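# What the coordinates show
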Amino acid sequence: LRFLARKNAQALEAKENDERDRLAKTLCAAEEHKRELFAKRNAEVEASKKANREKEKVSLESREELHARAPLNYWGAVSELISTKPAVEKKKTDAAIAKPRKSTDLSRMRQIILKLKHRIPKSH
């Protein structure tokens, strides 16, 4: 009887040791995976920051160029600011959330400015 109890105790101890080893390996792998994810995320953030800085630089240069040309042709400068891409349609859920009195739809203004773009008024 003592022999069986000792054998069971040794088997349980071996299982506990195996379980501790597997847990330690899993935790190590999880830590390594976490480090890799953070490193990858930091690299993506840095790349995004760099790209945003470049876009901002180009945008500022084009804005300065636009301001330099604006006194020569006001309507041409205004028309360059208007995007020719169609506005993105809002989802029905967005419309339900929007307040009824605060309209942010600028499509009418955009249409008028585009008409002016193609039919530039004569300057006096």
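Residues numbered from 1 in each chain as written. Predicted model: local features only at pLDDT ≥ 70, side-chain atom pairs only at ≥ 80, totals over all residues. Heavy atoms only, no water.

Where we set the bar: UniProt positions are given in the numbering used here, feature names are shortened, and annotations may be inferred rather than shown by experiment.
Named according to an unreviewed UniProt entry, the protein is Clathrin light chain originating from Selaginella moellendorffii. According to its UniProt record, the protein has this under Function (unreviewed entry): "Clathrin is the major protein of the polyhedral coat of coated pits and vesicles." Taken verbatim from the UniProt record of the protein, the Sequence similarities (unreviewed entry) comment is "Belongs to the clathrin light chain family."

## Some remarks on the overall build of the protein
Stated precisely, the cut-off is as follows: Strands here mean DSSP runs of E at least two residues long; helices mean DSSP runs of H or I at least four residues long; both are numbered from the N terminus. Using a 1.4 Å probe on the protein chains alone, a residue whose accessible area is under 20% of its type maximum counts as buried, one over 50% counts as exposed, and one in between counts as partly exposed.
A tally of regular secondary structure across the protein gives 4 helices and 0 strands. Starting at the N terminus and walking to the C terminus, you meet the elements of the protein as α-α-α-α. Relative to its 124 residues, the protein shows a buried fraction of 6%.

## Quick word on the pattern of salt bridges
To be explicit about the condition: Basic side-chain nitrogens of Lys or Arg form a salt bridge, by our definition, when they fall within 4 Å of a carboxyl oxygen of Asp or Glu.
Scanning the entire structure with this criterion turns up 5 salt bridges. Glu 31 is the partner of Lys 34 in a salt bridge, and the nearest nitrogen-oxygen pair spans 3.7 Å. On the criterion of helical spacing, the pair formed by Lys 34 and Glu 31 is a turn pair, its members being 3 residues apart in helix 1 (residues 2-69). Residue Glu 31 is classed as partly exposed on the basis of its relative accessible area, which comes to 38%. The closest approach of N and O atoms between Glu 32 and Arg 35, which form a salt bridge, is 3.1 Å. Of the two residues, Glu 32 and Arg 35 are both situated in helix 1; the distance of 3 residues between them amounts to about one turn of the helix. Taking relative accessible area as the criterion, Glu 32 reaches 37% and is therefore assigned partly exposed.

## Considerations on the confidence of the model for the protein
Here is the rule: Predictor confidence is given residue by residue as pLDDT, running from a minimum of 0 to a maximum of 100.
Across the protein, the average pLDDT comes to 80, with 71% of residues at 70 or higher. By mean pLDDT, the top-scoring element of the protein is helix 1 (93), and the lowest-scoring one is helix 3 (residues 92-97) (54).

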